[in-house]
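Overview (structure and organization)
Residues per chain, in single letters:
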Amino acid sequence: MDWDCLLADLESRFEAEHRSSIAAQAADLAEAEVAAVRMTDRLRGAVGREIRLRTRGGTPVDGVLARAEDGFVLIDEGDGLQALVPAGSLAFLSPLPGPAPEPDRHRRPTLQAAARELARTGARVRAVTPAGDVIGRIGRVGADYLDVVVDGPRDASGRPWLAGGAPHSGVVTVALGALDVLRSR
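Residues numbered from 1 in each chain as written. Predicted model: local features only at pLDDT ≥ 70, side-chain atom pairs only at ≥ 80, totals over all residues. Heavy atoms only, no water.

A few points about the sheet that holds strand β10 (residues 181-184)
One open sheet accounts for 10 strands, arranged β5-β1-β2-β3-β4-β10-β6-β7-β8-β9; its pairing is antiparallel. Edge positions in the sheet fall to β5 (90-94) and β9 (171-175), since each of these pairs with one other strand and no more. Each strand of the sheet is rotated relative to its neighbour by a mean of 40 degrees, with strand direction disregarded. Note: strand β3 (residues 72-78) against strand β4 (residues 81-86), 6 bridges, orientation antiparallel. The residue of β4 that forms the bridge with D76 is Q82. Running at roughly 85 degrees to strand β7 (residues 132-141), helix α3 (residues 111-121) makes contact with β3, β4, β6 (124-129), β7, β8 (145-150) and β10 of the sheet. (Pairing = 2+ DSSP bridges. Helix = DSSP H or I, 4+ residues; strand = E, 2+ residues; numbered from the N terminus. Axes fitted to C-alpha atoms, helices over the stretch in contact; angles between N-to-C directions. Contact = heavy atoms within 4.5 Å.)

Some points on the pairing of strand β2 (residues 60-68)
In this structure, strand β1 (residues 50-55) lies alongside β2, joined through 5 bridges in antiparallel fashion. Bridge pairing in β2 places E50 opposite V64. In sequence, β1 turns back onto β2 through a hairpin of 4 residues, with G58 there showing a positive phi of about 90 degrees. Relative to β3, β2 runs antiparallel, the two being bridged by 4 bridges. Each bridged residue has a counterpart across the sheet, and for R67 the counterpart in β3 is L74.

Overview of the pattern of salt bridges
Should the charged atoms of two oppositely charged side chains come close, the side chains can pair. The final tally for this structure, using the stated rule, is 8 salt bridges. For R183, the salt bridge is made with E77, and the minimal N-O distance between the two is 2.7 Å. Of this pair, R183 sits in strand β10 while E77 sits in strand β3, and the two are 106 residues apart along the sequence. Taking the relative accessible area as the measure of exposure, R183 reaches 15% and is therefore buried. Under the relative-accessibility criterion, E77 is labelled partly exposed at 21%. Residues joined by salt bridges that share partners form a network here, namely R52, R54 and D62. (Salt bridge = Lys/Arg side-chain N within 4 Å of Asp/Glu carboxyl O. Buried < 20%, exposed > 50% of the residue type's maximum accessible area, 1.4 Å probe, protein only.)

Some details on the environment of I51
Position of I51 relative to the elements: it lies in strand β1. Between the C-alpha atoms of I51 and L93, which are 42 residues apart in sequence, the distance is 7.1 Å. Aside from chain neighbours lying at most four places away, what touches I51 is L43, V61, D62, G63, L65, I75, L93, S94, P95 and L96.

Thoughts on the nonpolar core
Of all hydrophobic cores here, the largest spans 20 residues; its most connected members are V134, I138, L146, V174, L179 and L182. The set of elements that each furnish at least two residues to this core consists of β3, α3, β6, β7, β8 and β9. One finds L65, V73, L90 and V181 within the second-largest nonpolar core, a separate group that totals 16 residues. (Core = buried A, V, L, I, M, F, W, Y, C linked by side-chain atoms within 4.5 Å.)

Brief notes about a nonpolar patch on the surface
Taken together, the side chains of M1, W3, L7, L10 and F14 define a hydrophobic patch exposed on the protein surface, amounting to about 600 Å² of accessible area. Along the polypeptide, L10 turns up in helix α1 (residues 3-35). (Patch = residues over 30% accessible without salt bridge, like charges linked within 9 Å, V, L, I, M, F, W, Y side chains within 5 Å. Areas by Shrake-Rupley, 256 points an atom, 1.4 Å probe, with all protein chains shown as cover.)

Description of the layout of surface pockets
There is about 250 Å³ of room inside the largest pocket. Lining the largest pocket are 13 residues, and of these L74, Q82, L84, A114 and L118 lie nearest its centre. At the level of elements, β3, β4, α3 and β10 are the ones that each hand at least two residues to the lining of the largest pocket. The element that contributes the greatest number of residues to the lining of the largest pocket is α3, accounting for 4 residues. Here the residues of the lining of the largest pocket sort into 8 nonpolar, 3 polar and 2 charged. (1 Å grid on protein atoms, 1.4 Å probe; cavity = no way out; pocket = protein on both sides within 12 Å on 5 of 7 lines; lining within 4 Å. Points joined across faces, edges and corners; volume = space filled by probe spheres on them. Nonpolar A, V, L, I, M, F, W, Y, C, P; charged D, E, K, R; others polar.)

Below, the structure is given as structure tokens:
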């Protein structure tokens, strides 16, 4: 019996099994890494790029992705129009690259903080929901709602007009959970 050949054969089998095990572990690790990537991670990788998205209510928002946070994305739609889209309203997005590096974990702005800033500046907004649009200025921002002081376009009789049968005047409370897009100039 040639012990050297037998031992060499065993060593090559063990080496092949070891390489196969490492390859299987690498595949498992790669799959686990992909499974941990969130959509907002991929959105951060698209900041500064053209993006097309649709909300769960079907609202199209196309433009340059200006900011991607855990709770919202900010899209520059051109001509001074910006769209603040809650992350929970995102339905379809294209194109999305791979994930960006984790942001530094300093305090990050929330959708409510961005809406409060719009209220402070007195910016005119269009709150787009599947039930209709509300046009006006944000009067108050709560934990899960916006109060919009209605000043939308006027109909033939001079009353403010709102799509979807929303009230024509006064203050309209919009549930943040129903918000598809908050547009402003």
